[in-house]
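Structure assessment
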Amino acid sequence: MKMESTLKEYFGFSTFRPYQKEIIEKILEGKDSLVVMATGSGKSLCYQVPPLIANKTAIVISPLISLMQDQVMALKQRGIKAEHLSTAQTNTSAQKNAESGQYDILYMTPEKACFVPNSFWSSLLKTGICLLAVDEAHCISEWGHDFRVEYKQLYKLRDVLKNVPFVGLTATATEKVRKDIIDSLKMKDPHIAVGSFDRKNLYYGVKSINRGPSFVDELVAQISKYVANGGSTIVYCTTVKDVQEITKSLCGAGLKAGMYHGQMANKAREESHRSFIRDEVDVMVATIAFGMGIDKPDIRHVIHYGCPKSLESYYQESGRCGRDGIASDCWLYFSRGDFGKVEFYCGEASSAIQKNAIRDSFMAAQRYCMQTTCRRKTLLEYFGETYASSKCGNCDNCTNSKEESDMSREAFLLMGCIQACGGYWGLNLPIDVLRGSRAKKITENQFDNLPFHGLGKDFSVNWWKTLGFQLISFGYLVETVKDTYRTVSVSPEGAKFLRSCRPDHQPPLLLPITSESGNSGDIKADSGHDGLSQAEVELYKMLLEERMKLARSAGTAPYAVCGDLTLKKIVATRPSTKARLANIDGVNQHLVTTYGDHILQSIQQLSKQLDLSLDGVAAIEANNNCKAYTTPRQPKDLPPAKYSAWKMWQEDGLSPEKIANFPGRSAPIKVNTVFGYVLDAAREGCLVDWDRLFKEIGLTREIVANIQTAILKVGSKDKLKPIKDELPEEVDYTHIKAWLTMQDLGMSSEAIPENKTQELSEIPVFEKDEIVTIDDSPRKRQKVDVPEENNHLLVEVNEASILAWLQNFEDGVSLSDILKHFTGSTEAEVVDMLSCMESDFLIYKKNNLYKLM
Ligand SMILES: Nc1ncnc2c1ncn2[C@@H]1O[C@H](COP(=O)(O)OP(=O)(O)OP(=O)(O)O)[C@@H](O)[C@H]1O
């Protein structure tokens, strides 16, 4: 639980990616680990989360200063205390601060880590080091493709940092290299995690070209389109001359392009790198010197102009694309002349064996250029991974087929929807209806009540448009242009097809498969803004501008403020409150507190301009954790604070603790107050998930029976205190209020699920006096008549139950007393929960007693 909440708080993500959680757990257990996972798979998170949980510093060894600087910049934008120590560090107190444990994450070059005095380590060890990570760990091995002699010295740290777990991380490591890393770092029985090398979001394409001005013009035109869609592009050239020429052509066409190659002075290269990272240039034209130090997640296109020298380097360079998981593409343009360079590359070899190795690698790259079968399969199998299918559906050879496919169901949906909408709109509106939009135009015309509404969510807007154009060209739909308006309606041919369809059966309708309509791949190449309507794309572009402004004023990179995928999810959902913003996958707490107001204001203003409703249906499918929202009106008599708490609880699914401590509040409120608000909202007619409420407040039929008895005794339910005084202290005001609300709404206690044996642990216990005795506790206990079977019920620990229980003990409670009470949970679970609550500032510990904040 702590791991997930840390992930959300600092990184904004709701779930871990494969391997991440298990690696983090092993590190927290103190185990050495070797992590071999593809570029962009999320290795960094494995060493960034433990320090936030363990409250100790993580040391990260990284080969390049620019890489460290970029990572520190991005971490600071997440509210994480990070710094780097290297020759480039201008902050003279950084080392002193580091030594006293002031950073969560401290980056160091290998040289710095090896030559810093032992006193530095011993001071830092006193405050706590939770791990030492060696990033790009393949640099340790002479068998690796990027051996660095300084990495070989890192073993020396093992003696200094005896009980600190060492973690090696790399994206490329053969068996031999892995063994080298383990031996070299003197790892003890390490946990080894090897992930797949498949970069599913990358589209691979290859084109044979004739070098010359006409190709360069074509390339410039292509890149102009990319730039118009947002995101960055890298063009890798094989020579410095090509770099200069392509850059000149791009700049000549008015594009913002920078260049990077080995013949440039260091300062000019650094400046070039910086402006690319900060989106001051959209395109970087470079030789492979522009390499390992690129940590930019939103590179949408990597183009190779010329055949690369090996398949290994092609995988690495193209792998810089789409690290944020958004569909991105890698194009390789080669000319036959490139193949003659083999002897040139072999000239770098110092032995015949090396010469052969270089020749083999180059031949593999050549074969990749020429092949007509699945490129992904070739790439993965080259690195020893089995790819079961013969077609990935996301490379040019898999998508450029001229086969036909039966599109009867999809054609039925689109044509049926066009007809149901009246046949006097363009293609966009019926497509939005199919995709479940609740835009104003749709709800005003009540198209959201059509049976087609939401049935086409599985395909992107572009996908449906391509099908629409095909149906127009095959005569099933007709397009009419009047003045500047285009409308699309069903033709007599289309109507005939529709008449022969039933909702559960349509006659076959074969259409040629295009790269868009091919439905074998989840992520389509070149899809740009998959899943967003035209107006949403506009909004996205406007928000990109806003993000740029925010980044400029904060002196950071736009991607560090908020990633592209997160921004797309924000655009698709258009949240109106901070709670809804916070609930979007990828939005972290720092973003909400620092930029939340600005973002919400921009969304509100720009959406109005574009006629987009707020709190709409999230239509982004990639990593989709967004929820579809309904937006009932706020009841007249319900104050905004109560309405917003209800919305967070009922619609956004936030926990009561999160709502109580929501960063947007001037001061936290009590968890029970949150429940009170939800109950007030229920009285005003707002929908409430009662089952969830019963569970969270621990309301059982037995408690209700007790409350009913107490009400009878008091003779009135106007005042809660006399009722409460008649009840055991485990029954709190929230229980009473909930039952009274239920009664007023005409609900009976039967609405509460019956206690079943397996659910007993969820039911708060009514203990007899003699069962719980808190040393020297002044509290007065009342004797209650409890049905016999309840005496053996186990109390399970959760935030709400601890909070409610601790309210009884002003002077605090010891751990052993807490364990005595929460008999339904293990000691580890209780301790874990207490430490989570301590770090969430809900409780604190003094003189070994836990108390409420
Ligand atoms: N659990 C997660 N959910 C969603 N996105 C994630 C998650 N973990 C990481 N990411 C995102 O994936 C992208 C790549 O992550 P990261 O930089 O850690 O990759 P990496 O494996 O270290 O790549 P490289 O080998 O290039 O350094 C980042 O944009 C990161 O925010």
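The structure under discussion appears in the preceding block.
Procedures and definitions
Residues numbered from 1 in each chain as written. Predicted model: local features only at pLDDT ≥ 70, side-chain atom pairs only at ≥ 80, totals over all residues. Helix = DSSP H or I, 4+ residues; strand = E, 2+ residues; numbered from the N terminus. Buried ≥ 20, exposed ≤ 12 C-beta atoms within 10 Å, placed from the backbone. Contact = placed C-beta atoms within 7 Å. Pairing = 2+ DSSP bridges. Near = placed C-beta within 6 Å. Nonpolar A, V, L, I, M, F, W, Y, C, P; charged D, E, K, R; others polar. Arc of directions from axis to C-beta.

1. Concerning the overall build of the protein chain
Secondary structure summary: the protein chain contains 37 helices and 20 strands in total. Across the 853 residues of the protein chain, 45% fall into the buried class. Sequence-distant contacts, at least 24 apart, represent 71% of the contacts inside the protein chain between residues at least 6 apart.

2. A closer look at the pairing of strand 6 (residues 166-170)
A large share of strand 6 lies buried, amounting to 5 of its 5 residues. Across the two faces of strand 6 the burial is the same, with Phe166, Gly168 and Thr170 and Val167 and Leu169 all buried. Sheet analysis places strand 1 (residues 33-36) next to strand 6, joined by 4 bridges and oriented parallel. Bridging across to strand 6, serine 33 finds its partner in valine 167. Across 3 bridges, the pairing between strand 5 (residues 129-134) and strand 6 is parallel. Residue alanine 133 lies in a different strand from strand 6, and its bridge partner there is valine 167.

3. Focus on the site of the ligand
Taken together, 17 residues sit near the ligand, with Phe13, Gly42, Lys43, Ser44 and Pro297 positioned nearest. Ranked by residues supplied to the shell around the ligand, first place goes to helix 3 (residues 43-54) with 3 residues. A per-class count over the shell around the ligand returns 6 nonpolar, 7 polar and 4 charged.

4. With respect to the environment of lysine 355
Counting through the fold element by element, lysine 355 comes out in helix 15 (residues 352-370). In this structure, the C-alpha to C-alpha distance between lysine 355 and glutamate 343, residues 12 residues apart in sequence, is 9.1 Å.

5. Quick word on helix 2 (residues 20-28)
Within helix 2, the full set of buried residues consists of Gln20, Ile23, Ile24, Lys26 and Ile27. In a view along the axis of helix 2, the buried residues occupy a sector of 160°, so they form one face of it. Looking at the buried side of helix 2, the elements it contacts are helix 1 (2-11), strand 1, helix 3, strand 5, strand 6 and strand 7 (191-194). Where helix 2 ends, the next residue or the one after it, glycine 30, has phi of about 95°, a positive value.

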